[in-house]
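Commentary on secondary and tertiary structure
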Amino acid sequence: MDRLDHLEHLDKHLVDELALVARETVRDELRQQTRKQRRRAALYAASGAVALYAGAALALALGLALSLGLPDWAAALITAVVLGVVAYVLRGAARPSASRPTAGREGELAAGRDQVVGGTAPGMPPGGMGPAGYPPVPPVAPGGGTGAVGGPAPGTAAGAPPPPGIDPETPHHRA
């Protein structure tokens, strides 16, 4: 029995040693990756700063060229409009392509306009309010049945199980 306790102690020591080595290896690998990414991020930041100054110099040159034939205020206004258009185009280019319909996707979007992943589209907006801000009408009377006073329908119990063949977990949609 004493021999098994000794082996158990060795196993625990080995597991601890392996965990320590694995931890140090992962830590060193993450340090190296972080160092590379930090350098890359610094180069991107410097590139962006230089591009910003280049764009400012280009805008200044455009304004000065326009001011040769126009009043200064008109040249500045035209330069601002050109920069605004360039910013708008760049913003549009930065958006994901899934949000912009292309010629090939327009037919696909028109065909699947009313489809929702997993079934049919809900009949009301996600806020829970129906059309014109009214709450949705429940599919069953508040009493749970179809009786005249809101109670269970004649011949059924309020807590009766559903008829055989109908799974109570699946959603039911009206046609």
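Everything numeric here is computed off the predicted structure, so don't read it as measured data.

Some remarks on the overall build of the protein chain
For the protein chain, the helix and strand inventory stands at 3 helices and 2 strands. Secondary structure of the protein chain in N-to-C order comes out as α-α-α-β-β. Per-residue burial over the protein chain gives 5% buried out of 175 residues. For the protein chain, restricting intrachain contacts to residue pairs at least 6 apart in sequence, the fraction spanning at least 24 positions comes to 11%.

Considerations on a nonpolar patch on the surface
A cluster of nonpolar side chains, Leu62, Leu70, Ile78, Val82, Val86 and Leu90, forms an exposed patch at the surface whose accessible area comes to about 450 Å². The element best represented in the nonpolar patch is helix 2 (residues 72-94), accounting for 4 residues. Position of Leu90 among the secondary structure elements: in helix 2.

Here we look at the pattern of salt bridges
Overall, the coordinates contain 1 salt bridge when judged by the stated rule. With a shortest N-O distance of 3.2 Å, Arg31 and Asp28 are connected by a salt bridge. On the criterion of helical spacing, the pair formed by Arg31 and Asp28 is a turn pair, its members being 3 residues apart in helix 1 (residues 2-67). Of the residues examined, Arg31 reaches a relative accessible area of 46% and is grouped as partly exposed.

Overview of the side chain of Thr79
Inspection of the secondary structure puts Thr79 in helix 2. Judged by relative accessible area, Thr79 falls into the buried class, the value being 7%. Among residues more than four places away in sequence, those in contact with Thr79 are Ala59, Leu62, Gly63 and Leu66.

Comments concerning the environment of Ile78
With respect to the secondary-structure elements, Ile78 resides in helix 2. Exposure remark for Ile78: the relative accessible area of 36% places this residue in the partly exposed category. In this structure, the C-alpha to C-alpha distance between Ile78 and Leu66, residues 12 residues apart in sequence, is 8.3 Å. Look past the residues within four positions of Ile78 in its chain and what remains in contact with it is Leu66 and Leu70.

About the criteria used
- Residues numbered from 1 in each chain as written.
- Predicted model: local features only at pLDDT ≥ 70, side-chain atom pairs only at ≥ 80, totals over all residues.
- Heavy atoms only, no water.
- Helix = DSSP H or I, 4+ residues; strand = E, 2+ residues; numbered from the N terminus.
- Buried < 20%, exposed > 50% of the residue type's maximum accessible area, 1.4 Å probe, protein only.
- Contact = heavy atoms within 4.5 Å.
- Patch = residues over 30% accessible without salt bridge, like charges linked within 9 Å, V, L, I, M, F, W, Y side chains within 5 Å.
- Areas by Shrake-Rupley, 256 points an atom, 1.4 Å probe, with all protein chains shown as cover.
- Salt bridge = Lys/Arg side-chain N within 4 Å of Asp/Glu carboxyl O.

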